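Structural description and commentary
Chain residues, written in single-letter form:
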Amino acid sequence: MIVTPTTYIFGIISALLALGVVIELLRRRRLRERHAIWWLVAGVLALVVGVFPSTLQWAATLIGIEVPLNLVFFVSIAVLFLVCLQHSAELTRLEAKTRTLAELVALQDLRLRELEQRATENAED
Amino acid sequence: MPSALEKTLIVMPAFNEEASVAAVVREVFTKLPGVTVLVVDDGSSDATTREARGAGALVATLPFNLGVGGAMRTGFRYALANGFDNVVQVDSDGQHDPSNVPELLDGLDSADLVLGARFAGEGDYVVRGPRQWAMKALAMFLSKTAKTTLTDTTSGYRASGPRCVALFATHYPAEYLGDTIEALVIAARAGCVIRQIPVSMRPRAGGVPSHHPFKAAAYLARAGMALVFALTRPASSLRVQSK
């Protein structure tokens, strides 16, 4: 694996940028922790590999992957997959909550109408 | 048996049924004096709510379409909150003959959930092809789960007793087909007794049918999936406080 000074710096800056965006969103409460966890893990991994490219080489040899770049692809896809799955689960939870709210809104609306009707009847008496 | 009728809530899920809902509500009131009718307008874009209210029914209007499952859970919640013992689901398109309701309620004496089955000898309701095979296979599996003979598991015409009302108010499934198939599995696994009685179906009085023939294959696949997931779901998620 050949690392020229420019690609070395490019790698580190990219990782820092990604981490910076995630942390800034967290800081401004635009992102909740449980949604940010995978992005943080990915950012930190990218930074470690960017600063010490030998760690990638070491990890690839450890698992038995001949081309270290393939490990990068594998981990990236795995992280994206997990995030996607987490979003689907979250969406399902939200749908269930929305459904419950819609049902309660309809029932409260009905109750209000009944109360209003009773109030008008009482006023007429 | 007027006392049973007074303790009974007729729930009619209605999605864009302005053409038929008023007539069905009036028919229910004529044939079942003393009963309370709750029409759940499932996010219709037409005058379903106005028509049903004009006919004298209580109407709960959902802000958007939730499907039959969502509409029914609204009905079960209303029944539980307002002290109704039984809930009978009746379609708002006029397919279900309200004169069968007393028979369904009689069935509740010895069961918690009574299905009005369309193929059990009465009427001339026919389906063919993959849809029929799907319904047969479903009936076979669900009969085993419910420990009784069921021939029409996707029938929407059903009466729930107090136990099932309490169970369904929290656990009625929302997914497509979940409302019929999964509800049966939920009831069976919660220990409810399920029975079926024969009813006849009539052609729809109006509205657009929710199933088209070319969707038969998709129906089969989805029904199978609904069943598999319903059966493999953890049983611990089906707790209900006993009254």
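Right, let's walk through the structure included here. (Residues numbered from 1 in each chain as written. Chains lettered and ligands numbered in written order. Predicted model: local features only at pLDDT ≥ 70, side-chain atom pairs only at ≥ 80, totals over all residues.)

1. Things to note about the overall build of chain B
As a reminder, the rule being used: Only DSSP runs of H or I covering at least 4 residues are called helices, and only runs of E covering at least 2 are called strands; the numbering of each starts at the N terminus. Partly exposed residues are those whose C-beta has more than 12 but fewer than 20 other C-beta atoms within 10 Å; with 20 or more the residue is buried, with 12 or fewer it is exposed, and the C-beta atoms are placed from the backbone. With C-beta atoms placed from the backbone, a contact is any residue pair whose C-beta atoms sit within 7 Å.
Looking only at helices and strands, chain B features nine helices and seven strands. A buried classification covers 50% of the 243 residues belonging to chain B. Contacts in chain B between residues at least 24 apart in sequence constitute 77% of all its contacts with a sequence separation of at least 6.

2. Digging into the environment of Val88 of chain B
All names here are of chain B. Mapped onto the elements of the fold, Val88 is located in strand E4 (residues 86–89). A tally of 29 C-beta atoms within 10 Å means that Val88 is categorised as buried. Note: C-alpha distance between Val88 and Leu115 (27 residues apart in sequence) is 9.8 Å. Leaving out residues up to four positions away in the same chain, Val88 has contacts with Thr8, Ile10, Val101, Leu104 and Ala159.

3. What to know about the packing of helix H4 (residues 67–81) of chain B against helix H7 (residues 162–171) of chain B
Residues and elements named next belong to chain B. Filter applied, for reference: Only C-alpha atoms enter the line fits that serve as axes; for helices the fit covers just the stretch in contact. Angles between N-to-C directions range over 0 to 180 degrees. In these notes the angle categories are as follows: under 35 degrees is roughly parallel, over 145 is roughly antiparallel, 65 to 115 is roughly perpendicular, and the rest is oblique. Handedness of a crossing is defined here by the sense of rotation of the near helix relative to the far one, left-handed for an anticlockwise turn of less than a right angle and right-handed for a clockwise turn.
One can describe the packing of H4 onto H7 by two numbers: an axis separation of 8 Å at closest approach and a directional angle of 125°. On the basis of the axis angle, H4 is oblique to H7. Considering only the axes of H4 and H7, their crossing is left-handed. Contacts between H4 and H7 involve Arg73, Phe76, Arg77, Ala79 and Leu80 on the former and, on the latter, Val165, Ala166, Phe168 and Ala169.

4. A short note on the interface of chain A and chain B
Going by this rule: Under the grouping applied here, Gly and all other residues not named as nonpolar or charged are polar, the nonpolar ones being Ala, Val, Leu, Ile, Met, Phe, Trp, Tyr, Cys and Pro and the charged ones Asp, Glu, Lys and Arg.
Taken residue by residue, the interface counts eight residues in chain A and 14 residues in chain B. For the side of chain A that touches chain B, the residue count by class is five nonpolar, no polar and three charged.

5. A few points about the nonpolar core
Soluble globular proteins tend to pack their nonpolar side chains together in the buried interior. For clarity, the cut-off: As used throughout, a nonpolar core is a set of buried Ala, Val, Leu, Ile, Met, Phe, Trp, Tyr and Cys residues joined through C-beta atoms within 7 Å of each other.
In this structure, Ile10, Val37, Leu38, Val39 and Ala187 of chain B are the most contacted members of the largest nonpolar core, which totals 75 residues. By residue number, the principal contributor to this core is helix H8 (residues 178–189) of chain B, which donates seven residues. Apart from residues lying up to four places away in sequence, Ile10 of chain B is in contact with Val28, Val35, Thr36, Val37, Leu38, Val88 and Val90 of chain B. In terms of nonpolar packing, the next biggest core, distinct from the first, is built from five residues, Ala15, Ala42, Ala46 and Val49 of chain A among them.

6. Notes on the pairing of strand E1 (residues 8–14) of chain B
Residues and elements named next belong to chain B. For the record, the criterion: When DSSP locates at least two bridges between a pair of strands, those strands are taken to pair.
Across the seven residues that make up E1, a large majority, seven, are buried. Burial of the side chains of E1 extends over both faces: Thr8, Ile10, Met12 and Ala14 are buried on one face and Leu9, Val11 and Pro13 on the other. Examined bridge by bridge, E1 and E4 share four bridges and lie parallel to one another. Its bridge partner lying in E4, Leu9 is registered against Val87. Two elements, E1 and strand E2 (residues 36–41), share six bridges in a ladder whose sense is parallel. Pairing of Ala14 across the sheet is with Asp41, part of E2.

7. Focus on the sheet that holds E2 of chain B
Paired through backbone hydrogen bonds, the strands of a sheet run either parallel or antiparallel to each other. Residue and element names in this part refer to chain B. Strand order in the open sheet formed by seven strands is E3-E2-E1-E4-E6-E5-E7, and the pairing between neighbours is mixed. Looking along the sheet, the strands with just one partner apiece sit at the ends: strand E3 (58–61) and strand E7 (194–198). Neighbour to neighbour, the strand axes of the sheet diverge by 20° on average, direction disregarded. Contacting E1, E2, E3 and E4, H4 runs over the sheet at an angle of about 155° to E1.

8. So, unusual backbone geometry
Residues and elements named next belong to chain A. We note that Arg29 has phi near 60°; this positive angle belongs to a residue other than glycine. Positionally, Arg29 belongs in the loop between helix H1 (5–27) and helix H2 (33–51). For Arg29, a count of 7 C-beta atoms within 10 Å gives the class exposed.

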